Amino acid sequence: MIEQISVFLENKSGRLAELTRVLGDAGINMRALMVADTAEFGVVRLICDEPRRALRVLEDGGFGASITEVIAVAVPDRPGGLADVLETLGTQGLNVEYAYCFVESTGDAAVDIFRVDDPTRAKSALATQGIVVVEPGALYVAD
Amino acid sequence: MFQPDFEAMPRTDLEVLQLERLNKTLDRVYERVAPYRAKFDDAGLHPSMVRSLGDLANVPFTVKDDLRAAYPYGMFAAPMRDIVRVHSSSGTTGQVTVVGYTKGDIDRWGDLMARTLASAGATADDIVQISYGYGLFTGGLGVHYGSERLGSATIPISGGNTKRQIQVMKDFGVTVLAATPSYALMLAETALEMGIDPRKLPLKAGVFGAEPWSENMRTQLEEALGILAIDIYGLSEVLGPGVAAECECKNGLHVNEDHFIIEIIDPATLQPVPDGEMGEVVFTTITKEGIPVIRYRTRDISRIIPGPCSCGRTFRRMQRVGGRTDDMLIIRGVNVFPSQIEQVLTGIPGVAPHYQVVLKKRGSLDHVEVHVEVGPDFAFDEIKALEHLQRRVGAEIASALAISIEVKLVEPKSIQRSEGKAKRVLDLRNEGSE
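Residues numbered from 1 in each chain as written. Chains lettered and ligands numbered in written order. Predicted model: local features only at pLDDT ≥ 70, side-chain atom pairs only at ≥ 80, totals over all residues.

Undergrad: Any chance you could explain the overall build of chain A here in plain terms?
TA: Scanning chain A from terminus to terminus reveals 5 helices and 7 strands. Counting from the amino terminus, helix and strand elements in chain A follow one another as β-α-β-β-α-β-α-β-β-α-β-α. Counting every position in chain A, which comprises 143 residues, the buried fraction comes to 29%. Sequence-distant contacts in chain A: of pairs separated by 6 or more residues, those separated by 24 or more amount to 69%. (Helix = DSSP H or I, 4+ residues; strand = E, 2+ residues; numbered from the N terminus. Buried ≥ 20, exposed ≤ 12 C-beta atoms within 10 Å, placed from the backbone. Contact = placed C-beta atoms within 7 Å.)

Here is the structure:
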């Protein structure tokens, strides 16, 4: 399972910059970042190269952060590639709470991050359909 | 019990003692304190007319403004050569007032605070860390003399320098902590941040006061620190800490009635109310020499808890102070005490008991924002859960206070921690409309 960092942020200008600076100063590299916001606050989701250390660095820096387990899928780079993945999850009755995408700098495949209610079952459902589930080691140092 | 002869005195004997001491005190202030003499004369009252405890109801009240008008020494009933200590009020509600103590006052104060510490289970074997501020504020030195009177090893660390407080607590084997409840909570949080589990320390009891706190906050402090937490009460105009304290039953604070007469009055009619009914707390000191106060209106809201206590003390109990008439916020015509908000928050999992109330004007209407910290262990990924939490806090506060408010969730530990009295209210209503 992929360890994603989720950070609670008040809607205050400069707060996201502070967050990224804290990680940058600690030498932590971000692979992907997604901001979900409501009228009152935001939740920032991050994939970074050392998630456990990133969590400690953020907590020490005064941020409310926690680790969330998500799954990462290498989505085939062709029309309908993402649809195949989502249909597989859908037929298993697995609900996708949110998803976001980033492109690996080394390869040509897009990596999609999914937050589903039952990641273990989702993983095996995708594997039986021949869809490549990305292991943590491929994205970051499992620290 | 530190002084069972007094603390468990039969009520009939106590009332005889009270009347005798009251008469002495009235004579003393009438002879020595010009403002009292003038006030009594205006009311057509001579001390000799007070023949029973019930007659006290005919004596004029004293209010904080009387003490302010007499600043600094005008209400002292002893010459300065007999005064050995001067303190002043913490100025929580404006201009400070000055109080003086004779040698005898300091001596009695030590006894009263020793009673307080003993009711938390402290003995000469204990090590007491006093994290109340020392100085003009009565908290630090007040507890200090009681702790020494009890024979406990007394650590006069005062407030502030929180990490050092934790180190001392751990290294010195502290068993009893005296602090404001909000500072005690901050000590617990800081200890955990330093990798020290306060529950594994020898600490066993805490005496907490100087600001209103709730029953839920007690539960939190007891769990976080692994202690018995008792509420203590006092105010500098009456003495300082040592006026009243909870016993191990934790059901109301026994008033040291051999030194203070407590009355509860209706703040509107100024008439005493029967035991059990809420009202403003009024104290008369009956042993103080430096600056006795007669029917001093504290502005604190409480009631007498009727009936005897199972601990054996015969002193009546006052309910923990839930608010002050002058802390009371009037929001769209509704009376609100900040402690009511705290009571709600400590009952909701996922939020920390740190909060700030921000009052603004929107047009001609009062607008209330309550800033609430999300607890550090929240699953921050769940927006739905955060929104649910926000709605729940809003609904529960609205239902407890009967006003609608706007809840703003703020980041963990972002509300400023206080080392003394917590500043819970930011009133911006006079600073223009939004």
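More follows now that the structure is in view.
Undergrad: Sorry, what's going on with unusual backbone geometry here?
TA: Residues and elements named next belong to chain B. Between Tyr-71 and the following residue, Pro-72, the backbone shows a cis peptide bond with an omega angle of -5°. Here Pro-72 shows up in the loop between α4 (64-69) and β1 (83-88). One non-glycine residue, Asn-161, lies in positive phi territory at about 50°. Tracing the backbone through its elements, the reader meets Asn-161 in the loop between β4 (153-155) and α7 (162-171). For Lys-250, which is not a glycine, the phi torsion comes out positive at approximately 50°. Note on placement: Lys-250 falls in the loop between β8 (240-246) and β9 (253-255).

Undergrad: Is there a simple way to think about the interface of chain B and chain A in this case?
TA: The accessible area lost on association of the parts is a frequent measure of interface size. Taken residue by residue, the interface counts 16 residues in chain B and 15 residues in chain A. With 4 residues, the single largest contributor to the side of chain B that touches chain A is helix α11 (residues 383-401) of chain B. Partitioned by chemical class, the residues of the side of chain B that touches chain A number 10 nonpolar, 1 polar and 5 charged. (Nonpolar A, V, L, I, M, F, W, Y, C, P; charged D, E, K, R; others polar.)

Undergrad: In this structure, what is going on with the sheet that holds strand β19 (residues 365-374) of chain B? I would like to understand it.
TA: The strands making up a sheet associate through backbone hydrogen bonding, with each pair oriented either parallel or antiparallel. Residue and element names in this part refer to chain B. What the 4 strands build is an open sheet, ordered β20-β19-β18-β21; its pairing is mixed. Pairing within the sheet leaves two strands with one partner each, and these edge strands are β20 (406-410) and β21 (425-427). The average angle at which neighbouring strand axes cross in this sheet is 20°, direction not considered. Examined bridge by bridge, strand β18 (residues 351-362) and β19 share 9 bridges and lie antiparallel to one another. Within β19, the residue paired with Val-351 across the bridge is Val-374. Strands in contact with helix α10 (residues 338-345) are β18, β19 and β21; relative to β18, the strand with the most contacts, it is inclined by about 135°. (Pairing = 2+ DSSP bridges. Axes fitted to C-alpha atoms, helices over the stretch in contact; angles between N-to-C directions.)

Undergrad: Would you mind going over the nonpolar core with me for this structure?
TA: The nonpolar side chains of a soluble globular protein tend to be buried, and buried together. With 85 residues, the main nonpolar core has Leu-117, Ala-178, Ala-184 and Phe-283 of chain B as its most contacted residues. Examining the composition of this core, we find that 7 residues originate from one element, helix α8 (residues 181-193) of chain B, more than from any other. Excluding anything up to four places from it in sequence, Leu-117 of chain B contacts Ala-122, Val-128, Gly-146, Ser-147, Leu-150, Ser-152, Val-176 and Val-207 of chain B. Formed by 56 residues, the second largest nonpolar core is a distinct cluster that contains Val-43, Val-116 and Ala-122 of chain A together with Val-368 of chain B. (Core = buried A, V, L, I, M, F, W, Y, C linked by C-beta atoms within 7 Å.)

Undergrad: What exactly am I supposed to notice about the confidence of the model for chain B here?
TA: Caution applies to low-pLDDT regions: their predicted coordinates should not be interpreted in detail. This prediction gives chain B a mean pLDDT of 91; 96% of its residues lie at or above 70. Two numbers describe this predicted complex: its pTM, 0.68, and its ipTM, 0.82. (pLDDT = per-residue confidence, 0-100.)

Undergrad: Quick question: what am I supposed to make of the sheet that holds strand β15 (residues 323-324) of chain B here?
TA: Residues and elements named next belong to chain B. Spatial ordering of the open sheet is given by β10-β11-β12-β15, a layout of 4 strands whose pairing is antiparallel. Strand pairing shows two members of the sheet lacking a second neighbour, β10 (260-265) and β15, which therefore form its edges. Of the strand pairs in this sheet, strand β11 (residues 279-285) and strand β12 (residues 296-302) are connected by 4 bridges, and their pairing is antiparallel. Pairing of Glu-280 across the sheet is with Ile-301, part of β12.

Undergrad: Please explain the environment of Val-133 of chain A as it appears in this structure.
TA: Residue and element names in this part refer to chain A. Mapped onto the secondary structure, Val-133 falls in strand β7 (residues 132-134). A count of 19 C-beta atoms within 10 Å places Val-133 in the partly exposed class. Distance from Val-133 to Val-75, taken between C-alpha atoms, is 8.9 Å for residues 58 residues apart in sequence.

Undergrad: Looking at this structure, how should I read the pairing of β19 of chain B?
TA: Within a regular beta strand, the side chains point alternately toward one face of the sheet and then the other, so they alternate between its two faces. Residue and element names in this part refer to chain B. Between the antiparallel neighbours β18 and β19 lie 2 residues, among them Gly-363 with a positive phi of about 65°. Sheet topology note: the β19/β20 ladder contains 5 bridges and is parallel. When the bridges of β20 are listed, His-371 appears paired with Lys-408. Where the polypeptide runs from β19 across α11 and back to β20, its parallel neighbour, the crossover connection is right-handed. (Right-handed = clockwise from strand over helix to strand, strands pointing away.)

Undergrad: Help me out: how do you make sense of helix α9 (residues 215-225) of chain B in this one?
TA: Helical geometry: 3.6 residues make up each α-helical turn, so side chains three or four residues apart lie on a common side. All names here are of chain B. Taken together, the buried positions of α9 are occupied by Met-217, Arg-218, Gln-220, Leu-221 and Leu-225. The buried residues of α9 occupy one face: seen down the axis, they fall within an arc of 165°. Check the buried side of α9 and you find it contacts α8, β6 (205-208), β7 (228-235), α10 and β18. At the exit of α9 stands Gly-226, carrying a positive phi of roughly 65°. (Arc of directions from axis to C-beta.)

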